[in-house]
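In case you want the letters, here they are:
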Amino acid sequence: MPQRLLTNAKLVTLTETGDSYGLIEDGMLAIDGETIGYAGPAANLPESFADFPNENLNGRLVTPGLIDCHTHVVFGGDRAREFEMRLEGASYEQVARAGGGIVSTVKATRSASEGELLKGALSRVDALIAEGVTGIEIKSGYGLDQETELKMLRVARKVGSLRPITIRTTFLGAHAVPADYKDRADAYLSEVCLPALEAAQAEGLVDAVDGFCEGIAFSPAQIAKVFDKAVELGLPIKLHAEQLSNLGGTALAASYGALSADHLEYLDKAGVKAMASSGTVAVILPGAFYTLRETQAPPVELLRRHEVPMALATDCNPGSSPLASLLLTMNMGCTLFRMTPEEALAGVTREAAKALGLTDRGTLKAGKRADLAIWNVQHPAELSYRIGFNALEKRIFGGAA
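Residues numbered from 1 in each chain as written. Predicted model: local features only at pLDDT ≥ 70, side-chain atom pairs only at ≥ 80, totals over all residues. Heavy atoms only, no water.

Visitor: For the pairing of strand β11 (residues 260–263), give the residues involved together with the corresponding values.
Guide: As judged from the four bridges shared by strand β10 (residues 238–241) and β11, these two strands associate in the parallel manner. Looking at the pairing, Ala241 lines up with His263 of β11. Following the chain from β10 across helix α8 (residues 249–255) to the adjacent parallel β11, one finds a crossover that is right-handed. Taken together, the three bridges between β11 and strand β12 (residues 281–284) define a ladder with parallel strand orientation. Note that in β12 the partner of Ser260 across the bridge is Val281. (Pairing = 2+ DSSP bridges. Helix = DSSP H or I, 4+ residues; strand = E, 2+ residues; numbered from the N terminus. Right-handed = clockwise from strand over helix to strand, strands pointing away.)

Now the structure itself:
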């Protein structure tokens, strides 16, 4: 088991320890196996760690490993033509109703082999790993039939066996209504989505359940059917909500104790209060806002005022957010939504871990998993400030570099 003492380090603990960011300027961090044995001031290092092999970081910054808590990295094809259509004036909803959007990716994903899906997913995951990411959530939802939904989830699990990264899988069968069930959303849920969820759970492929509550997808009453099945199966829930309109999906998710509600551009005060009461994390997705050229931003100040945890994620997908950089996502969260750099960094570490139900990581603290990122920067604000620049020196996953 690895034992190592990182010395001469600036620790961004993201705990209540230290100043802003939980920053400890003259810090040491002891790695004891897969966990953190000590993270704190050098002067207070326990003697039990003093003989660990030393690694002098020469003042470099250490943060928890980054976590991308909302992605769709397993998919077939691309939607570059739809990008052109939107630039020519078509809205996201118009593209979707014309047979594009999610439904177009469904066709490409259904026809792709597991090997083809895996190859594409690994290229995107590798880009995230290169930026210090140690955990990724991967959703299904581009199959909309049992066979392909399970295929996507198997590929997601395979990614975790081929790369040093934690993968959390999310069943998103309630992502869109497939063409063969047009105007029969309830029949799709009962005949395809819910049986596919049961099959995926029986095969051990699901860590959480998600849905898309929107006018172009499913109503709150329909999403409630999916949530009821998730509860029956003992699975936590998440929800795409209030992205294009306000249907009250966030309040519904909060009533089920959802891990997170995501997007949230049209979220109102009642939804924010519901999240605050349930502890549901707000996952902010600036990549989709940017790509779709939206004008209504999520209510960050309202979320802040009600102390709702805010996570950030890439929403990496082939259509509305072809973004595979969590560092750029942090900059976008600050620039587009006026999040602070501290909120942005917490949003891709501490709060992202909460959004996935991962209680063993996200901060630098004794007993937490030793997933770390070491950066060639002087201050943590630089991670959000720079655009298109990767300052990663080293990534440590479960104590191993």
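Visitor: Before we move on, could you go through the packing of aromatic side chains and cite the residues and values that matter?
Guide: Applying the stated rule across the entire model yields five aromatic pairs. Centre to centre, the rings of Phe289 and Phe337 are 4.9 Å apart; their planes meet at 75°, and the pair counts as edge-to-face. With Phe289 in helix α10 (residues 286–291) and Phe337 in helix α12 (residues 326–337), this pair connects stretches of sequence that are 48 residues apart. Accessibility assignment for this pair places Phe289 and Phe337 in one class, buried. A network of ring pairs unites the aromatic residues Tyr181, Tyr188 and Phe218 as a single cluster. In this structure, Arg124 is placed above the aromatic ring of Phe75, and the distance from its NZ or CZ to the ring centre is 3.8 Å. The ring centre of Phe397 lies 4.4 Å from the NZ or CZ of Arg369, which sits over that ring. (Phe/Tyr/Trp six-rings, centres within 6.5 Å; stacked < 30°, edge-to-face > 60°. Buried < 20%, exposed > 50% of the residue type's maximum accessible area, 1.4 Å probe, protein only. Lys NZ or Arg CZ within 6 Å of the ring centre and 35° of its normal.)

Visitor: An account of the confidence of the model for the protein is needed here, citing residue identities and associated values.
Guide: For the protein, per-residue confidence averages 96 on the pLDDT scale, and 99% of positions sit at 70 or higher. Taking the mean pLDDT of every element in the protein, the minimum, 77, falls on helix α2 (residues 92–97) and the maximum, 99, on strand β6 (residues 66–68). (pLDDT = per-residue confidence, 0-100.)

Visitor: Break down the environment of Leu118 for me, citing the residues and quoting the values.
Guide: By secondary structure assignment, the location of Leu118 is in helix α4 (residues 114–129). Judged by relative accessible area, Leu118 falls into the buried class, the value being 15%. Remark: the alpha-carbon pair of Leu118 and Gly76, spanning 42 residues in sequence, is separated by 9.7 Å. With sequence-adjacent residues up to four places away left out, Leu118 is seen in contact with Val155, Lys158, Val159 and Leu162. (Contact = heavy atoms within 4.5 Å.)

Visitor: Just give me the short version of the domain arrangement of the protein, but keep the residues and values in it.
Guide: You can read the domains of the protein as domain 1 (3–64 + 363–396) and domain 2 (66–355). The centre of domain 1, based on its C-alpha atoms, is set 31 Å off from the matching centre of domain 2. Contacts between domain 1 and domain 2 engage 23 residues on the former and 22 residues on the latter. Taking both sides of the interface into account, the surface hidden between domain 1 and domain 2 amounts to around 1,700 Å²; carbon and sulfur atoms contribute 59%. Linking domain 1 to domain 2 there are zero salt bridges. Linking domain 1 to domain 2 there are nine residue pairs in polar contact (both at pLDDT 80 or more). Those elements giving two or more residues to the side of domain 1 that touches domain 2 turn out to be β5 (61–64), β14 (372–375), α15 (382–385) and β15 (392–396). (Domains from an automatic or database assignment. Buried area = accessible area lost by both parts, 1.4 Å probe. Salt bridge = Lys/Arg side-chain N within 4 Å of Asp/Glu carboxyl O. Polar contact = N/O pair within 3.5 Å; in protein donor to acceptor, adjacent residues only side chain to side chain.)

Visitor: Quick rundown of the packing of helix α6 (residues 185–202) against helix α7 (residues 220–233)? Include the residues and the values.
Guide: Here α6 crosses α7 at 20°, and the two axes come no closer than 11 Å. Relative to α7, the element α6 is oriented roughly parallel. When the axes of α6 and α7 are compared, the crossing they make is right-handed. For the pair formed by α6 and α7, the contact residues are Ala185, Asp186, Leu189, Leu194, Leu197, Glu198 and Gln201 on the first element and Gln222, Lys225, Val226, Lys229, Ala230, Glu232 and Leu233 on the second. Split by residue class, the contact of α6 with α7 holds seven nonpolar, two polar and five charged. (Axes fitted to C-alpha atoms, helices over the stretch in contact; angles between N-to-C directions. Parallel < 35°, antiparallel > 145°, perpendicular 65-115°, else oblique. Left-handed = near helix turned anticlockwise from the far one by under 90°. Nonpolar A, V, L, I, M, F, W, Y, C, P; charged D, E, K, R; others polar.)

Visitor: An account of the pattern of salt bridges is needed here, citing residue identities and associated values.
Guide: Counted by the stated rule, this structure contains 25 salt bridges. Between Arg81 and Glu84 there is a salt bridge whose closest N-O contact spans 3.1 Å. Note that Arg81 and Glu84 are positioned in helix α1 (residues 80–87) at a spacing of three residues, about one turn of the helix. One network of salt bridges, with partners in common, ties together Glu34, Asp360, Arg361, Arg369 and Asp371.

Visitor: How would you explain the UniProt feature "binding site: Fe(3+)" (unreviewed entry) in the protein if you had to name every residue and give the values?
Guide: Following the UniProt record, one finds the feature "binding site: Fe(3+)" (unreviewed entry) at His70, His72, His240 and Asp315. Maximum C-alpha separation among the annotated residues is 12.4 Å over a sequence range of 246 residues, consistent with a single clustered spot. Tracing the chain through its elements places His70 in the loop between β6 and α1. With residues near it in sequence (within four places) discarded, His70 still touches Glu137, Lys139, His240, Asp262, His263, Val283, Leu285, Ala313, Thr314, Asp315 and Cys316. Summarising the element assignment, Asp315 is placed in the loop between β13 (310–312) and α12. In this structure Asp315 comes out as buried when scored by relative accessible area, which is 2%. Beyond its immediate sequence surroundings of up to four residues, Asp315 is in contact with His70, Thr71, His72, His263, Leu285, Ala288, Ser320 and Ser321. (UniProt positions renumbered as here; feature names shortened; annotations may be inferred.)

Visitor: Please set out the UniProt feature "binding site: Zn(2+)" (unreviewed entry) in the protein residue by residue, giving values where relevant.
Guide: UniProt records the feature "binding site: Zn(2+)" (unreviewed entry) for His70, His72, His240 and Asp315 in the present numbering. Not counting residues up to four positions away in its chain, the partners in contact with His240 are His70, His72, Lys139, Leu172, Asp210, Gly211, Phe212, Cys213, Asp262 and His263. A distance of 3.3 Å separates polar atoms of two side chains, one belonging to His240 and the other to His70.

Visitor: Describe the pairing of β5, listing the residues and the values that go with them.
Guide: Taken together, the two bridges between strand β1 (residues 3–12) and β5 define a ladder with parallel strand orientation. Bridged to Leu11 within β5 is Val62. Here four bridges tie β5 to β14, and the two strands are oriented antiparallel to one another. Looking at β14, one finds that Pro64 is bridged to Leu372.

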